[in-house]
Amino acid sequence: MILKRPKIIAVEGIDGSGKTTLVKRLKDSLEERGFTVKALKMKGHTADIAGFFTEKRMNYENQYMKLSALMFDLMVRNRELEESLDCDYVIFDRYTDSLSAYFDSLNVVIPWVDEIKKCIYEPNMVILLDCSVDIALERLNRREESLKELENRDYLTRVKERYLQHAGAGYLVINADLSTDDIFDLAIKRINDLGKDCL
């Protein structure tokens, strides 16, 4: 028996662009219509991975080490994806484009980045939330936790530019300064079209 591969949707954008909010709304909407959906979030900067590096006496505060953690987490997400092949949709809160955007923004040239990306399931659709850096920083400042080391204006500006440079012709680039309702409407319309194309 051959399992049908789920439609993979990647939501990309700088920190504070609204990725998590959009992923939740898309998941809820699709589930209400009877689809099985799994939402996966990359956690390259979260405390659990930082704890792993601390336990192994590695310098997690080093930017290269943080990005290594991000890539490690991507491989974990891909394993989770393999365990979700019976779903109709898998929605990623950040996926492979984040590797290129964040590595390039630090001027990090590591040949095996592209090789690892070849081993990852390609998304059927990429939604890029193009958010102004000022609005992103306002949202990040409203969060309970303090801003992370890499969440500053210059760095986020570089990441935003890299995301736009990497955006392909098939990407859905949404102005993330719009209301959450408008962003959702644009995204779900393209997902509905994606479903029709796969029939």
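Presented here is an overview of the structure given in this document. All of these numbers come straight from a predicted model, not from anything done at the bench. (Residues numbered from 1 in each chain as written. Predicted model: local features only at pLDDT ≥ 70, side-chain atom pairs only at ≥ 80, totals over all residues. Heavy atoms only, no water.)

To continue, consider the sheet that holds strand E2 (residues 37-41). In space, the five strands of this open sheet follow the order E2-E3-E1-E4-E5, with parallel pairing throughout. Only two strands of the sheet have a single neighbouring strand rather than two, namely E2 and strand E5 (172-175). Pairwise comparison of adjacent strand axes, ignoring direction, gives a mean angle of 20° for this sheet. Sheet topology places E2 next to strand E3 (residues 89-93); five bridges connect them, and they run parallel. (Pairing = 2+ DSSP bridges. Helix = DSSP H or I, 4+ residues; strand = E, 2+ residues; numbered from the N terminus. Axes fitted to C-alpha atoms, helices over the stretch in contact; angles between N-to-C directions.)

Bringing helix H4 (residues 96-105) into the picture now. Of all ten residues making up H4, nine are buried, and the element is well covered by its neighbours. Where H4 is concerned, the buried positions are Thr 96, Asp 97, Ser 98, Leu 99, Ser 100, Ala 101, Tyr 102, Phe 103 and Ser 105. Positive phi shows up at Asn 107, right after H4, with a value of about 55°. (Buried < 20%, exposed > 50% of the residue type's maximum accessible area, 1.4 Å probe, protein only.)

Taking 1.5 Å as the rise per residue, helix H1 (residues 19-32) with 14 residues should run 20 Å; its terminal C-alpha atoms sit 20 Å apart, in good agreement. Residues of H1 that are buried: Lys 19, Leu 22, Val 23, Leu 26, Ser 29 and Leu 30. Down the axis of H1, the sector holding all buried residues measures 135°, keeping them to one side. Turned more than 90 degrees off the buried face of H1, the exposed positions are Lys 24 and Glu 32. Two residues or fewer past H1, Gly 34 is found with a positive phi of approximately 95°. (Expected span 1.5 Å × (residues − 1). Arc of directions from axis to C-beta.)

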